[in-house]
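What the coordinates show
Below are the chains, spelled out letter by letter.
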Amino acid sequence: MSDPVSPSFDAETEAEAELEPEPGEDPSATDAEPGRTGAHSVVAALENAGAEAMFGVQGGAIMPVYDALYDSDLRHVMMAHEQAAAHAADAYGIVSGTPGVCLATSGPGATNLVTGIADADMDSDPMVALTGQVPTDFVGNDAFQETDTTGVTAPITKTNYFADHADTVGDTVGEAFAYAAAGRPGPTLVDLPKDVTQDETAVEPGDATVPDTYDPQTEADDEAVAEAARRLERAEKPVVLVGGGVIKGDATEELRAFAREYEIPVATSMPAVGAFPEDDDLSLEMVGMHGTGYANMATTHCDVMLAVGTRFDDRLTGGVDTFAPEAEVLHVDIDPAEISKNVTADVALIGDAATVLDQLDAEMERAPDCREWRSQCWTWKSEYPMDYATPDDEPLKPQFVVEAFDEATGDDTIVTTGVGQHQMWAVQYWTYTEPRTWVSSHGLGTMGYGLPAAIGAKFAADDDQQVVCFEGDGSFLMTMQELSVAVRENLDITVAVLNNEYIGMVRQWQDAFYDGRHSASEYNWCPEFEPLAEAFGAQGFTVSDYDEVADTVEAALAYDGPSVVDVRIDPAENVYPMVPSGGANGKFALSEDQL
Amino acid sequence: MTEGLQGPAPDERPHPDGRRTKQGTRIDPEVEAEQDTRTAVVSALVEHEPGVLAKVSGLFSRRQFNIESLTVGPTTVEGNARITLVVEETDDGIDQVKKQVEKLRPVIQVGELDDDAVCAELVVLKVRGDEPDKVHAITQMYEGQTLDAGPRTITVQITGDQQKIDDAVDAFRQFGIIEIARTGQTALARGDTPTTPGEEPGHEKAAEKTRKDDTRTGTYDD
Ligand SMILES: Cc1ncc(C[n+]2csc(CCOP(=O)(O)OP(=O)(O)O)c2C)c(N)n1
């Protein structure tokens, strides 16, 4: 049987639908506008719910939905691969705060989405996935392109649904959309059997509402707030640890005001980059495996940690035994299950980040007396500067290129990345000052995230907001086919491939922990990205000298459409500081010999 | 030209003396650090929809919770079911179990039962039929019933709390147990206490959510 239309299904379901009306069918369904189907309800529900952009790939089981989309004003972007559709939707959600929607057919379409869904789940990004499914009567028969999609995605979605009737499918999709964005965001999925989307229905979906079993607490208990405030007032060495929840909860303003009013140094997790301006005196920047020395010193030595919207991932904590080992932890989170999951909270403040910060602010009677601690933090900032050497006899350093792009672009520029060394240089050497401008794959660490994320981000960005994507050679090769989409949609994005002709991060670990045995991390051949970009119809550049960096960056940014810069960087360059997995954050290494 | 990363090496820096446990709890030298595990009975009122049992049981393997038994059955409210879980965890672990189960969308309410909750389990035992009188006597002793008696095998059922079932199983060993099936514990809170917090008698909220024409909801288990 041949894809994409799976003709036999269409024939069989249509024939069946004619012969045998659904048992117990709503009589009002006969009033249906002729040809109005479950798929129309799916689209109407997305429109009602405020969906803005969708990314997907066609196929047999999802065709009814695509057919209904044909008449809709919803923006749909045809992607080259479903994984990229999911990443684009995910990035759209990160930048806009509104769930991005991705669509795929059953079977391989749905399984191709899986990586992107898992990525969104790990990072609590709002996203809705709609997958086609074989007709209900075929489910369980190992039919052509059948996969148990709700089974496969149960552990990697906030929730998922198997749509069971054309009359209710619209409300299910609306609920999935509302649920993805509510409380702690996350990906939701609706599996859509082809008969459900193809059957006629007169039922119009209602407003998109979250399920009535979902009612997250937004305000923290007063006693807990008072307790937290007292501990914070008494603190001698306080730190605010900001997690991605601050950005997702739109609590950036409250967080900034709070830290500044009480003059408490601020460290961020990686997803929280941009929540607090990195050029602020109080900023310690990012903490964790490749965080700054000063952030790791301050979080290791603090006596009270106000942690807001973070799940204490192990790349952030390092070995949990040595993570802020003497600190009382005041943990603000909207998800009660995050409290004391990885790090025990001394005070649990369950609620919405912005609301709880306001509550705390109202409760605080004075700022902690921590002048000495602040100067200690500033000493650490000068003791452990984020810096790199540029010796004449060594090739171009990637950090320099990241800084060059930062200088050439505005503060609101959105940066997306793949996964590897280049991702870490992009976070370390760009100065982030705005929320929703740093778009990366944190919890799952998915190579190939950068380009599709740049595409999704571009659709969510303001018209004059630039999008720069840093990729590694290996990571770029995983999803570079999406350049075809960027060209087709004429998206003004710039991809800088920090090309070290290595699977660099793996090579770095092999040098540090595996006696330099470069097993499957060295290429003996790597494609040239400039002509490759041009073959796609994008503008290609190559740069390898310091002198040419500024001009090339300028030309690439100025090009009106997608451009790709093959940046030939020093293949031997490594990412430091570094805390080895499970190590003590306070013992971060500044070079390989300190590991 | 700049210098690259600088600063005191790891062994030249101050390091705090304090530590946390593997579970992330600050170690207070005064207090015993490691928590003991205990058995808890957790009841979850859920919307009876396809996949709900898979969602709950999947959580247990994914989060590595130690689960001793799981039972499920409908309540008197159409569209609702009750899942009873017996778990063996530390206090923090039990807390996590409750919070993670609560997060699942079809879960309406979760509660942990007190020690005085009423718990019951059913066991069906098939033993050799050589000594029917003795088997009968032991069955009576445990207030059980004989379900099937033949020349070669006798099958009985016993209900009761876990201790009683364990004792009964021991008592039947003398006859040679050929096959055994246990349901795992199911439980309700004693007296007027609701089994899950806020649960009302005949809880009606979810009844309205009954699905039309749902042919896939014939069983809890999908
Ligand atoms: C999909 C996926 N596969 C494998 C990995 C493991 N991994 C992490 S970083 C890395 C190397 C990335 O190499 P490259 O894209 O060239 O970037 P570089 O580290 O050289 O900057 C690999 C293989 C991953 N994170 N994601």
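Please read these numbers as outputs of a predicted model, since none were measured by experiment.

1. Quick look at empty space enclosed by the protein
All names here are of chain A.
- With the rule as written, the count across this model stands at 5 cavities of 30 Å³ or more.
- Quantified by volume, the largest cavity comes out at close to 100 Å³.
- Residue lining of the largest cavity: Ile 94, Asp 123, Asp 125, Gly 244, Ile 247, Lys 248, Pro 271, Arg 436, Trp 438, Ser 440 and His 442, and that is the complete set.
- Across the lining of the largest cavity, the residue classes break down as 4 nonpolar, 3 polar and 4 charged.
- The computed volume of the second largest cavity comes to approximately 60 Å³.
- As for the second largest cavity, its lining consists of Glu 278, Glu 285, Met 286, His 290, Gly 291, Thr 292, Met 386, Val 427 and Gln 428.
- Contributions of two or more residues to the lining of the second largest cavity are made by β9 (283-286) and α17 (421-429).
- Among the residues forming the lining of the second largest cavity, the class breakdown is 3 nonpolar, 4 polar and 2 charged.

2. Let's talk about the nonpolar core
Residue and element names in this part refer to chain A.
- Within the largest apolar cluster, 62 residues are counted, with the highest numbers of intra-cluster contacts made by Leu 241, Met 305, Phe 312, Phe 405, Phe 470 and Val 567.
- Counting residues per element, this core draws most heavily on α17, at 5 residues.
- Counting only domains with at least three residues in this core, you end up with domain 2 (222-383) and domain 3 (398-576).
- Apart from the residues within four sequence positions on either side, Phe 405 is in contact with Trp 430, Val 468, Phe 470, Thr 494, Ala 496, Val 553, Leu 557 and Val 565.
- Core analysis: the second largest hydrophobic core is formed by 51 residues, Ala 89, Ile 414, Val 497 and Ala 533 among them.

3. What to know about the domain arrangement of chain B
All names here are of chain B.
- As assigned here, chain B comprises domain 1 (33-112) and domain 2 (118-186).
- Of the residues lining the interface, 7 residues belong to domain 1; the matching set on domain 2 comes to 6 residues.
- Both sides of the domain 1 and domain 2 interface together cover about 410 Å² of buried area, and 54% of this is carbon and sulfur.
- Where domain 1 packs against domain 2, one counts 0 salt bridges.
- Our count for the contact surface shared by domain 1 and domain 2 stands at 3 residue pairs in polar contact (both at pLDDT 80 or more).
- Only β2 (67-74) and β3 (80-89) provide two or more residues apiece to the side of domain 1 that touches domain 2.
- Looking at the side of domain 1 that touches domain 2 residue by residue, the class counts come to 3 nonpolar, 3 polar and 1 charged.

4. Comments concerning the interface of chain A and chain B
- Across the boundary between the two partners, chain A contributes 58 residues, which contact 42 residues of chain B.
- Both sides of the chain A and chain B interface together cover about 4,300 Å² of buried area, and 50% of this is carbon and sulfur.
- Viewed at the interface, chain B and chain A are joined by 2 salt bridges.
- A salt bridge links Asp 335 of chain A to Lys 103 of chain B, with the shortest nitrogen-to-oxygen separation between them at 2.5 Å.
- For the interface between chain A and chain B, the tally reads 23 residue pairs in polar contact (both at pLDDT 80 or more).
- Per element, the largest residue contribution to the side of chain A that touches chain B is 4 residues, and it comes from strand β5 (residues 159-162) of chain A.
- Split by residue class, the side of chain A that touches chain B holds 29 nonpolar, 13 polar and 16 charged.

5. As for the side chain of Thr 172 of chain A
Residues and elements named next belong to chain A.
- In this structure, Thr 172 sits in helix α7 (residues 169-181).
- Owing to a relative accessible area of 16%, Thr 172 belongs among the buried residues under this scheme.
- Setting aside its immediate chain neighbours within four residues, Thr 172 contacts Tyr 161 and Val 190.

6. Describing the sheet that holds strand β3 (residues 100-104) of chain A
Residue and element names in this part refer to chain A.
- Taken together, 6 strands build an open sheet; the order of strands is β2-β1-β3-β4-β6-β5 and the sheet is parallel. Since the sheet does not close on itself, it has two edges, and those belong to β2 (75-78) and β5, each with one partner. Going across the sheet, the axis of each strand differs from the next one's by a mean of 20°, ignoring polarity.
- Bridge count between β3 and strand β4 (residues 127-133): 5 bridges; the pairing is parallel. Considered in β4, the bridge of Gly 100 is made with Met 127.

7. Focus: unusual backbone geometry
- Geometrically, the link from Tyr 576 of chain A to Pro 577 of chain A is a cis peptide bond, its omega value of 0° lying close to zero.
- Tracing the backbone shows Pro 577 of chain A in the segment after β18 (563-568).
- With a phi close to 55°, Asp 142 of chain A is a non-glycine residue in the positive phi region.
- On the secondary structure map, Asp 142 of chain A appears in the loop between β4 and α6 (149-153).
- Positive phi outside glycine occurs at Glu 143 of chain B, with the angle close to 50°.
- By secondary structure assignment, the location of Glu 143 of chain B is in the loop between α3 (132-141) and β6 (145-149).
- Take Glu 143 of chain B: its relative accessible area is 62%, and that puts it in the exposed class.

The rules we used
- Residues numbered from 1 in each chain as written.
- Chains lettered and ligands numbered in written order.
- Predicted model: local features only at pLDDT ≥ 70, side-chain atom pairs only at ≥ 80, totals over all residues.
- Heavy atoms only, no water.
- 1 Å grid on protein atoms, 1.4 Å probe; cavity = no way out; pocket = protein on both sides within 12 Å on 5 of 7 lines; lining within 4 Å.
- Points joined across faces, edges and corners; volume = space filled by probe spheres on them.
- Nonpolar A, V, L, I, M, F, W, Y, C, P; charged D, E, K, R; others polar.
- Helix = DSSP H or I, 4+ residues; strand = E, 2+ residues; numbered from the N terminus.
- Core = buried A, V, L, I, M, F, W, Y, C linked by side-chain atoms within 4.5 Å.
- Buried < 20%, exposed > 50% of the residue type's maximum accessible area, 1.4 Å probe, protein only.
- Domains from an automatic or database assignment.
- Contact = heavy atoms within 4.5 Å.
- Buried area = accessible area lost by both parts, 1.4 Å probe.
- Salt bridge = Lys/Arg side-chain N within 4 Å of Asp/Glu carboxyl O.
- Polar contact = N/O pair within 3.5 Å; in protein donor to acceptor, adjacent residues only side chain to side chain.
- Pairing = 2+ DSSP bridges.
- Axes fitted to C-alpha atoms, helices over the stretch in contact; angles between N-to-C directions.

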